[in-house]
Amino acid sequence: MPGLASRIKTMEISGIRRAFEAAGGDFINLGLGEPDFDTPPHIKEAAIAAIIEGFTGYTFGKGIEALREAISEKLRKENGIDVTKDEIIVTSGASEALHIAIHTFVERGDEVLLPDPGFVSYANLVKLAEGKPVSVPLRKEDLTMDVDAANELISEKTKAIILNSPANPTGAVMSREGVKAFAELAEDHDLIIFSDEVYEKIIYEGKHVSPASFYENVVTVNAVSKTYAMTGWRLGYLAAPRDFVEEMLKIHQYIQACASSVSQKAALAAITGPQDCVTEMVREFRRRRDFVVDALKRLGLMFVKPRGAFYVFPEVEDEEGFVEAMRQRGVIVTPGSAFGKFGKKHVRMSYAASIEDLKAAFERMKGVVGGKRRSPFNHSSLKRGYFM
Ligand SMILES: Cc1ncc(COP(=O)(O)O)c(C=O)c1O
């Protein structure tokens, strides 16, 4: 085998994927990071119309004008971000947006502060750019990233901060003051913020706040993936000051050329069309969140009540043992350390699963957490209680 580039050796296959692939057979999957709903019909119809019309070629690199117009209007109205259509690049999911943003600004030796536990791509994309991910611990009380801890970790090599609210894997939602404090920190140290807002609409308590409403040097990343149950359409976007966008466009052109033409038409229908599909989906997620919160309380596990996204991140004493015991009972959950070193002794459970599946999964969890004889754990070895 020809020698591999050293950068690839610093990366590992995502722990989420490993947990998923290890499963096999018939299981209840609480390991997934995607809505279990179907894409709403009016969005599918827009895509079908695009195909029939023959809208199947390359598009303008930044994305079709109507979609960028719609995104800029959305960002101005909903997020308080003053951007024009020229300050937007439509990408293949938020994943590509994160990739090109990080590669445009981060180079060898640059440090990037990121939430730990946090979404698996952040540290790996920083490594791919030959930068150094710097783990910022979360606040115990609400699992949001700790601004004082971040401040302590800033060095002359720090280049950027990654924010993610609502957050994967915790469901934490940052307060307005919290977001503002990070914007001020970034401004004081002349850092760029990469703000991943893919869960912005999936929020039960609190209000989503974009750092770009306070500070200029922000790349705002979003997608239709989670909001409209469109993960497989691979359609996201970024917004940033014009000068940044022109530089990021270079990478976008060479790695992607443009986002899928058909998906762009679908995204246009999603963003400009009726939003009751989002309201309904969020209502259902809230119902499940409430069920899961109640079930975890009954089990006596320690956790912070999630305020957004569709994950909960309870503490367990023996993370690997818990994941394996659940797997043996046909339920997939993700080990917390897949999300960073501070994720240890936790598991991530996704409630992007039907209430019936959740009920069955928590019934089986009793055998792991609560059942005295059946449990592979000493009952008292599990942390008890919960934070709200
Ligand atoms: C926080 C976060 N950001 C980005 C992504 C990737 O989004 P996309 O499917 O649009 O690439 C995910 C997917 O799980 C995520 O959880």
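Nothing here was measured: the structure is a model prediction, and the numbers come from that model.

1. A look at the overall build of the chain
Next up, step 1: When you go through the chain residue by residue, the secondary structure sums to 13 helices and 12 strands.
Next up, step 2: A globule of 388 residues ought to have a C-alpha radius of gyration of about 21 Å, and the chain, at 21 Å, matches this closely.
Next up, step 3: Each of the three principal axes of the chain carries a C-alpha extent, and together these read 65 × 55 × 50 Å.
Next up, step 4: Within the chain, the proportion of its 388 residues that are buried is 55%.
Next up, step 5: Partitioning the intrachain contacts of the chain with sequence separation of at least 6 by distance along the chain shows that 74% fall at a separation of at least 24.

2. A look at the pairing of strand β6 (residues 192–196)
A regular strand carries its side chains on alternate faces of the sheet.
Next up, step 1: Counted residue by residue, β6 has 5 buried out of 5 residues, so it is predominantly covered.
Next up, step 2: Here β6 shows two buried faces, one formed by Ile192, Phe194 and Asp196 and the other by Ile193 and Ser195.
Next up, step 3: Handedness of the β-α-β unit built from strand β5 (residues 158–164), helix α8 (residues 176–188) and β6 comes out right-handed.

3. A look at the site of the ligand
Next up, step 1: Close contacts around the ligand come from 15 residues, with Ser95, Asp196, Tyr199, Ser225 and Lys226 the closest.
Next up, step 2: Within the contact set of the ligand, an oxygen atom lies 2.6 Å away from a side-chain nitrogen or oxygen of Ser225.
Next up, step 3: A distance of 2.7 Å is found between an oxygen atom of the ligand and a side-chain nitrogen or oxygen belonging to Arg234.
Next up, step 4: Here the ligand has 400 Å² of accessible area as a free molecule, and 92% of this is covered by the chains.
Next up, step 5: The biggest single contributor to the shell around the ligand is helix α5 (residues 93–105), with 3 residues.
Next up, step 6: For the shell around the ligand, the residue count by class is 6 nonpolar, 6 polar and 3 charged.

4. Focus on helix α6 (residues 120–128)
Next up, step 1: Of the residues making up α6, those classed as buried are Val120, Tyr122, Asn124, Leu125 and Val126.
Next up, step 2: Immediately beyond the C-terminal end of α6, within one or two residues, lies Glu130, with a positive phi of roughly 65°.

5. A word on the sheet that holds strand β11 (residues 334–335)
Next up, step 1: The 3 strands lie next to each other as β9-β12-β11, forming an open sheet whose pairing is antiparallel. Edge strands, defined here as strands with exactly one partner in the open sheet, are β9 (311–312) and β11.
Next up, step 2: As paired elements, β9 and strand β12 (residues 347–350) share 2 bridges and run antiparallel to each other. Residue pairing across strands places Tyr311 opposite Ser350, the latter belonging to β12.

6. Some thoughts on the sheet that holds strand β4 (residues 132–137)
Next up, step 1: Read across the open sheet, the 7 strands follow the order β2-β8-β7-β6-β5-β3-β4; overall the sheet is mixed. The two strands at the open ends of the sheet, each matched to only one other strand, are β2 (88–91) and β4. Here the average twist between neighbouring strands, direction ignored, is 20°.
Next up, step 2: The sheet contact formed by β5 and β6 spans 5 bridges and is parallel. What sits directly across from Ile162, in β6, is Phe194.
Next up, step 3: Along the sheet, helix α4 (residues 65–79) contacts β2 and β8 (236–239); its crossing angle with β2, the most-contacted strand, is approximately 115°.

7. Looking at helix α11 (residues 276–299)
Next up, step 1: With 24 residues, α11 extends 35 Å from end C-alpha to end C-alpha; this agrees with the ideal 34 Å at 1.5 Å per step.
Next up, step 2: Looking at the packing, one finds that the buried side of α11 touches β9, β12 and α13 (355–369).
Next up, step 3: Positive phi appears at Gly300, one or two residues downstream of α11, with a value of about 80°.

8. Comments concerning the domain arrangement of the chain
Next up, step 1: Taken domain by domain, the chain consists of domain 1 (6–39 + 277–381) and domain 2 (41–272).
Next up, step 2: Between domain 1 and domain 2, the C-alpha centre-to-centre distance is 25 Å.
Next up, step 3: Contacts between the two partners involve 38 residues from domain 1 and, on the opposite side, 40 residues from domain 2.
Next up, step 4: Between domain 1 and domain 2, the buried area comes to about 3400 Å², and carbon and sulfur atoms account for 60% of it.
Next up, step 5: Summed over the three residues of domain 1 that lose the most area to domain 2, namely Thr39, Arg307 and Phe342, the buried surface amounts to 23% of that side.

9. A look at the confidence of the model for the chain
Next up, step 1: Confidence along the chain averages 93 in pLDDT terms, with 92% of residues attaining 70 or more.
Next up, step 2: At the low end of the mean pLDDT range in the chain sits helix α2 (residues 15–23), at 64; at the high end sits β6, at 99.
Next up, step 3: Here residues 371–388 is a poorly scored stretch, pLDDT under 50, and it has 46 contacts once near neighbours within four places are set aside; other chains count.

10. Quick notes on the packing of aromatic side chains
Next up, step 1: Within this structure, the stated rule accounts for 10 aromatic pairs.
Next up, step 2: Aromatic side chains Phe119 and Tyr122 sit 5.4 Å apart centroid to centroid with 80° between the ring planes, which places their arrangement in the edge-to-face category.
Next up, step 3: The partly exposed category is assigned to Phe119, whose relative accessible area is 22%.
Next up, step 4: Taken together, Phe37, Tyr199, Phe285, Phe310 and Tyr311 form an aromatic cluster joined through their ring pairs.

Thresholds, definitions, all that
- Residues numbered from 1 in each chain as written.
- Predicted model: local features only at pLDDT ≥ 70, side-chain atom pairs only at ≥ 80, totals over all residues.
- Heavy atoms only, no water.
- Helix = DSSP H or I, 4+ residues; strand = E, 2+ residues; numbered from the N terminus.
- Rg over C-alpha atoms; globule rule 2.2 N^0.38 Å.
- Buried < 20%, exposed > 50% of the residue type's maximum accessible area, 1.4 Å probe, protein only.
- Contact = heavy atoms within 4.5 Å.
- Right-handed = clockwise from strand over helix to strand, strands pointing away.
- Near = heavy atom within 4 Å.
- Polar contact = N/O pair within 3.5 Å; in protein donor to acceptor, adjacent residues only side chain to side chain.
- Areas by Shrake-Rupley, 256 points an atom, 1.4 Å probe, with all protein chains shown as cover.
- Nonpolar A, V, L, I, M, F, W, Y, C, P; charged D, E, K, R; others polar.
- Pairing = 2+ DSSP bridges.
- Axes fitted to C-alpha atoms, helices over the stretch in contact; angles between N-to-C directions.
- Expected span 1.5 Å × (residues − 1).
- Domains from an automatic or database assignment.
- Buried area = accessible area lost by both parts, 1.4 Å probe.
- pLDDT = per-residue confidence, 0-100.
- Phe/Tyr/Trp six-rings, centres within 6.5 Å; stacked < 30°, edge-to-face > 60°.

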